[in-house]
Amino acid sequence: MTTAPDNSAGILIVDDMEENLVALEAVLGSLSQKVVRARSGEEALKAMLREEFAVVLIDVLMPGMSGFETAANIKGLDQTKDVPIILLTGASVDPNYAYRGYTVGAADFLIKPFDPWLLRTKVNVFLDLHRKNRQLAAQAEQLKRLLTSEDQPGGEGPPPATATPTTTPTTTPAAATTVTTTAGTDAAASAPSPAGSPTMSSSGSPSVSAEHPPLPPEGPGAPPPPEPPSQPAAPASDTSRLADIAGQLAEVELLLRDAKGSDKKRLADRIAELEQAVGRLMVNRGT
């Protein structure tokens, strides 16, 4: 898989000899990556503080600040300590240079003359590593922002679902219908209506006169008419007492009618009325 070049981070090459810088640029040109030159250790440190680099190639034998000192200073700065360093040296050098280079923090050590394909491969590995690190840092920052927005009360998370009560609007005939009346209609409405006929109320619905109670609804679904309340049957003791009283009144009536005098006659008539009332009462109680 081909990876797009990362234009934000380049390659820094450090050497005191111009011909070596030209040769390195020719070898690394096929990587389509920005290449920056530095002629000394001091110049290399200034360049690294100005911009970001994915990898640094440093010649070991330089006047003034050597390659080992330059690598140690790069690893000593917080801004540049994570940049990988490849040290380059000639064939006739101390064999302990490689060990010394790894001690100061170099990632690799190449001896001149080196294979151009090998150098490009090593540099390309560090370029890919730098791209992956930047992608991981961007994903970590995005995840941090997402978690921060969810923790805040006004974050971008979806609002909680709330139940909305639904109400069914009801419309009354008086509110749904607008009655428009003229002066003649008002006069006809104010005229007295015949007895027993329904009259119109102020809301437009017919009202029934107090003299005639409303008729029960008719039809198949109408409820049955209420049954009249049944009268409780008189106890047997009350019925026998009424019969005894009626018999005693009848005897008193006969005695009074046999006697003489108008007062006695009226009293006999009154007792007869009482007997009839007692008889009707007994009939109504089911005797």
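Please read these numbers as outputs of a predicted model, since none were measured by experiment.

Procedures and definitions
Residues numbered from 1 in each chain as written. Predicted model: local features only at pLDDT ≥ 70, side-chain atom pairs only at ≥ 80, totals over all residues. Heavy atoms only, no water. Helix = DSSP H or I, 4+ residues; strand = E, 2+ residues; numbered from the N terminus. Buried < 20%, exposed > 50% of the residue type's maximum accessible area, 1.4 Å probe, protein only. Contact = heavy atoms within 4.5 Å. Areas by Shrake-Rupley, 256 points an atom, 1.4 Å probe, with all protein chains shown as cover. pLDDT = per-residue confidence, 0-100. Axes fitted to C-alpha atoms, helices over the stretch in contact; angles between N-to-C directions. Parallel < 35°, antiparallel > 145°, perpendicular 65-115°, else oblique. Left-handed = near helix turned anticlockwise from the far one by under 90°. Nonpolar A, V, L, I, M, F, W, Y, C, P; charged D, E, K, R; others polar. Phe/Tyr/Trp six-rings, centres within 6.5 Å; stacked < 30°, edge-to-face > 60°. Pairing = 2+ DSSP bridges. Patch = residues over 30% accessible without salt bridge, like charges linked within 9 Å, V, L, I, M, F, W, Y side chains within 5 Å. Salt bridge = Lys/Arg side-chain N within 4 Å of Asp/Glu carboxyl O. Expected span 1.5 Å × (residues − 1). Polar contact = N/O pair within 3.5 Å; in protein donor to acceptor, adjacent residues only side chain to side chain. Arc of directions from axis to C-beta.

Participant: How would you sum up the overall build of the protein? Please name residues and give values.
Facilitator: Counting secondary structure elements, the protein contains nine helices and seven strands. A total of 287 residues make up the protein; the buried ones form 24% of that total. Considering only contacts within the protein whose residues lie at least 6 apart along the sequence, 58% involve residues at least 24 apart. Entry remark: accessible area of the protein is about 20,300 Å², with carbon and sulfur atoms responsible for 59%.

Participant: Summarise the confidence of the model for the protein; cite the residues concerned and give the values.
Facilitator: When pLDDT is low, close inspection of the predicted coordinates is not appropriate. Chain-level pLDDT for the protein is 74 on average; 62% of the residues reach the 70-or-more range. When the criterion is pLDDT under 50, residues 1-6 qualifies, and its contacts beyond four places in sequence or with other chains add up to ten contacts. Across residues 168-211, where pLDDT falls below 50, the model places 17 contacts with residues more than four positions away in sequence or in other chains.

Participant: Lay out the packing of helix 2 (residues 41-50) against helix 3 (residues 67-76) with the relevant residues and their values.
Facilitator: Contact geometry of helix 2 with helix 3 gives a least axis separation of 9 Å together with a crossing angle of 25 degrees. Between helix 2 and helix 3, the interaxial angle falls into the category roughly parallel. The handedness of the crossing between helix 2 and helix 3 comes out as right-handed. Contact residues: helix 2 offers Gly41, Ala44, Leu45 and Met48, while helix 3 offers Thr70, Asn73 and Ile74. Here the residues of the contact of helix 2 with helix 3 sort into four nonpolar, three polar and no charged.

Participant: Give me the lowdown on the packing of aromatic side chains, citing residues and values where you can.
Facilitator: Under the counting rule described, the total for this entry stands at one aromatic pair. With a centroid separation of 5.3 Å and an interplanar angle of 75 degrees, the aromatic rings of Phe68 and Tyr97 are classed as edge-to-face. Residue Phe68 is located in helix 3, and its partner Tyr97 is located in helix 4 (residues 97-103); the two are separated by 29 residues in the primary sequence.

Participant: Go over the packing of helix 1 (residues 18-28) against helix 5 (residues 116-151), please, and point to the residues and values.
Facilitator: Contact pair helix 1 / helix 5: the axes reach a minimum separation of 9 Å and the direction vectors enclose 70 degrees. With respect to helix 5, the axis of helix 1 lies roughly perpendicular. Contacts between helix 1 and helix 5 involve Leu24, Val27 and Leu28 from the first element and Pro116, Leu119, Arg120 and Val123 from the second.

Participant: Would you mind going over the sheet that holds strand 5 (residues 108-111) in detail, with residue names and values included?
Facilitator: As summarised here, the arrangement of the five strands in space is 2-1-3-4-5, forming an open sheet in which the pairing is parallel. Strand pairing shows two members of the sheet lacking a second neighbour, strand 2 (35-38) and strand 5, which therefore form its edges. Ignoring strand direction, the axes of neighbouring strands in this sheet form an average angle of 20 degrees. Inspection of the sheet shows strand 3 (residues 53-59) paired to strand 4 (residues 85-89) by four bridges, in the parallel sense. What sits directly across from Ile58, in strand 4, is Leu87.

Participant: Could you give an account of a nonpolar patch on the surface, naming the residues involved and the relevant values?
Facilitator: A surface patch of nonpolar side chains, about 270 Å² in accessible area, is lined by Leu143, Leu146 and Leu147. On the secondary structure map, Leu143 appears in helix 5. Overall, Leu143 belongs to the partly exposed group, its relative accessible area being 48%.

Participant: Tell me about the environment of Ala9, and please be specific about residues and values.
Facilitator: Note that Ala9 resides in the segment before strand 1 (10-14). C-alpha separation for the pair Ala9 and Leu127, spaced 118 residues apart in sequence, amounts to 8.6 Å. What Ala9 contacts, discounting residues up to four positions off in sequence, is Gln33, Glu52, Phe53, Ala54 and His130.

Participant: Mind laying out the pattern of salt bridges, listing which residues take part and the relevant values?
Facilitator: Going through the model one piece at a time under the given rule, you end up with nine salt bridges. Between Arg37 and Glu25 there is a salt bridge, and its shortest N-O distance comes to 2.8 Å. With a gap of twelve residues between them, Arg37 in strand 2 and Glu25 in helix 1 connect regions that are remote in the sequence. A relative accessible area of 26% means that Glu25 is categorised as partly exposed.

Participant: Which residues make up helix 5, and what values do they have?
Facilitator: With 36 residues, helix 5 extends 53 Å between its outermost C-alpha atoms, agreeing within 8% with the 52 Å of an ideal straight helix rising 1.5 Å per residue. The set of residues buried in helix 5 consists of Leu119, Val123, Phe126, Leu127, His130, Arg131 and Ser149. The distance from a side-chain oxygen at the start of helix 5 to the backbone nitrogen of Trp117 is 3.2 Å, and the residue carrying that oxygen is Asp115.

Participant: Residue-level account of helix 3, with values.
Facilitator: All buried positions along helix 3 are accounted for by Gly67, Phe68, Thr70, Ala71 and Ile74. Along the axis of helix 3, the buried residues cluster in a sector spanning 160 degrees; they form a single face. Where helix 3 is buried, its residues touch helix 2, strand 3, strand 4 and helix 4.

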